[in-house]
Structures are given as structure tokens and as C-alpha cells.
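Below, each chain spelled out in residue letters.
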Amino acid sequence: MTVRPILSIGNPLLRVRSEKVDPEDIKGRKWQRIIKDMIDTMRDAEGAGLAANQIGVTRRIVVVEVKKNRRYPYKPPIPLTVMINPRFEPIYQDTVMINEGCLSVPLRGEVERFVNIRMRYFDEDGNKHREVVRGLKAATFQHECDHLDGVLITDRAKASTLTTWDEFAAHGRKEFIERITAFVDEIGS
Ligand code: ZN
């Protein structure tokens, strides 16, 4: 198991627009190693997702997984998903405000996300996927895709909604969990 250091806001590599991986190369040892390191690092940090540039690799690779997550207990499970060169488009224009955190940012903030998206990506075996994703899962995917374009939650959140994790726990968490649980019940994910 290899856990790599996670870069924090202020590191220029988090602001780079990452380059695509040649789909022909996905199964090669280099990218398989990096994907494995990303999974180990995400799990060790108890994140819901990780983009390659968060460990200093400026390529379009993200991993997502939600089991029982202490950081985000309200997120329904997402099986381990590796997405290479992911792209998404909104299906409708409806949006939802999500209170998000990030392994590279010591704050949380309210970010507007599309509720329904169509994702396209290659998996770790080089297979092409095209799927419709909804709700909190869609928001998690959009967060990770933002990283690949050098975008962080602090860019998207209204500044007045930014909080530390402790202050969120003290003042915003209960209300947010009530609201987002009702949203998840309605949308189904
Ligand atoms: Zn993040």
C-alpha cells in the first residue's frame, strides 16, 4: 500500500488544467501504479474521491468511493469508481446547493451542482463508460472533475458560506444533514 502526500490549496499543481491519458496506455504499469496509489491515498484520508493532481500527477484521472464515511456520513454508498478522461454534461438545468469539503482544502462551503449529469469516461481497464448519474453521487463526480481543470471549492462557494469543519459541526451540520437527507430520499442517490 502506498499512501502519497495530498497537496493543499496554494500548491500550484492544484491549479493546473490536467492533461488526458492516452486510452491505449491505461493498462500499462505506470498508470495502474498511480491509480492504485490514488485509491490507497483516498482510503487512508477517508475521502470520498481524489483527483490525480491532488497527489501531484497532472493527468485526468479521478477515483471515487463512498462506504461508511466519517467525513460525509449522509452520502449514500458509491462503489469504487476509477474515471480516466472523464467528461460530464448536465441533462437538465436543475441544481442543488451542497455543503462540500475537500482533502486539499481545510474548509467546507456551499457549492451549486447539477442534479442530473451524463458522464463519459474510461475505467481502469480502458473500457468506455457512458452513464447517467444523479444527486449527491453526481455532485461528487462534478467536484472531482473540477480538480482536473484546476478548480477548487473555494472558487465555487460563496465566500460567506466557508467554514472550518469544527464550526460547521457546531453551527451548520444538523440543518444541512436534514436538508440533504430529504434531497437524497427524493432523488434516490
Ligand atoms: Zn477535492
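Everything numeric in this text was worked out from a predicted model, so none of it was measured.

A. Structural detail: helix α5 (residues 173–187). Taking 1.5 Å per residue, 15 residues should reach 21 Å; α5 reaches 20 Å between its end C-alpha atoms and fits that length. Looking only at α5, the buried set comprises Phe176, Ile180, Phe183, Val184 and Ile187. Summarising the axial view, the buried residues of α5 lie within an arc of 100°, below the 170-degree limit, and thus occupy one face. Along α5, exposed side chains directed more than 90 degrees from the buried face belong to Lys174, Glu175, Glu178, Asp185 and Glu186.

B. The arrangement of the packing of aromatic side chains in detail. In this structure the tally under the stated criterion is four aromatic pairs. Judged by centre distance (6.4 Å) and plane angle (80°), the ring pair of Tyr72 and Tyr74 falls under edge-to-face. The same class applies to Tyr72 as to Tyr74, namely buried. Counting every residue linked through ring pairs, the aromatic cluster contains Tyr72, Tyr74, Trp165, Phe168 and Phe176. The lysine or arginine in question, Arg108, covers the ring of Trp165, its NZ or CZ lying 4.5 Å from the ring centre.

C. Local environment of the coordination of the zinc ion. Distances from the zinc ion to its protein donors, Cys102 (SG), His143 (NE2) and His147 (NE2), fall at 2.0 to 2.3 Å. Here the donor residues for the zinc ion map to a single chain with the spacing C-x40-H-x3-H. Of the two residues, Cys102 sits in strand β4 (residues 95–102) while His143 sits in helix α2 (residues 135–148), which places them 41 residues apart along the sequence. Residue class for Cys102 comes out buried when judged on its relative accessible area of 4%.

D. Here's a closer look at empty space enclosed by the protein. Counted according to the given criterion, the structure contains one cavity of 30 Å³ or more. Of the voids in this model, the largest cavity is the one considered here, and its volume is about 180 Å³. For the largest cavity, the lining is made up of 20 residues, of which Tyr72, Lys75, Gly101, His143 and Glu144 are closest to its centre. The set of elements that each furnish at least two residues to the lining of the largest cavity consists of β4 and α2. Within the lining of the largest cavity, the residues separate by chemical class into eight nonpolar, eight polar and four charged.

E. Geometry of the nonpolar core. Judged by nonpolar contacts, the single largest core of 28 residues is most densely connected at Met83, Ile98, Met119, Phe141, Ile180 and Phe183. Residue assignment for this core shows that the elements contributing at least two residues are β2 (61–66), β3 (78–90), β4, β6 (116–122), α2 and α5. Apart from the residues within four sequence positions on either side, Met83 is in contact with Arg60, Ile61, Val62, Val64, Met119, Tyr121, Phe122 and Phe141. Core analysis: the next-biggest nonpolar cluster, separate from the first, contains 18 residues, Met38, Met42, Ala52 and Val63 among them.

F. Quick look at the pairing of β2. The buried fraction of β2 is high, at six of six residues. Residues Ile61, Val63 and Glu65 of β2 are buried on one face, and the alternating residues Val62, Val64 and Val66, pointing to the opposite face, are buried as well. Pairing of strand β1 (residues 49–51) with β2 involves three bridges; the strand directions are antiparallel. Within β2, the residue paired with Ala51 across the bridge is Val62. Pairing of β2 with β3, which is carried by five bridges, proceeds in the antiparallel orientation. Within β3, the position partnered with Val62 by the bridge is Met83.

Reading the values: rules and limits
Residues numbered from 1 in each chain as written. Predicted model: local features only at pLDDT ≥ 70, side-chain atom pairs only at ≥ 80, totals over all residues. Heavy atoms only, no water. Helix = DSSP H or I, 4+ residues; strand = E, 2+ residues; numbered from the N terminus. Expected span 1.5 Å × (residues − 1). Buried < 20%, exposed > 50% of the residue type's maximum accessible area, 1.4 Å probe, protein only. Arc of directions from axis to C-beta. Phe/Tyr/Trp six-rings, centres within 6.5 Å; stacked < 30°, edge-to-face > 60°. Lys NZ or Arg CZ within 6 Å of the ring centre and 35° of its normal. Donors = N, O, S within 2.8 Å, 3.2 Å for Na, K, Ca; no water. 1 Å grid on protein atoms, 1.4 Å probe; cavity = no way out; pocket = protein on both sides within 12 Å on 5 of 7 lines; lining within 4 Å. Points joined across faces, edges and corners; volume = space filled by probe spheres on them. Nonpolar A, V, L, I, M, F, W, Y, C, P; charged D, E, K, R; others polar. Core = buried A, V, L, I, M, F, W, Y, C linked by side-chain atoms within 4.5 Å. Contact = heavy atoms within 4.5 Å. Pairing = 2+ DSSP bridges.

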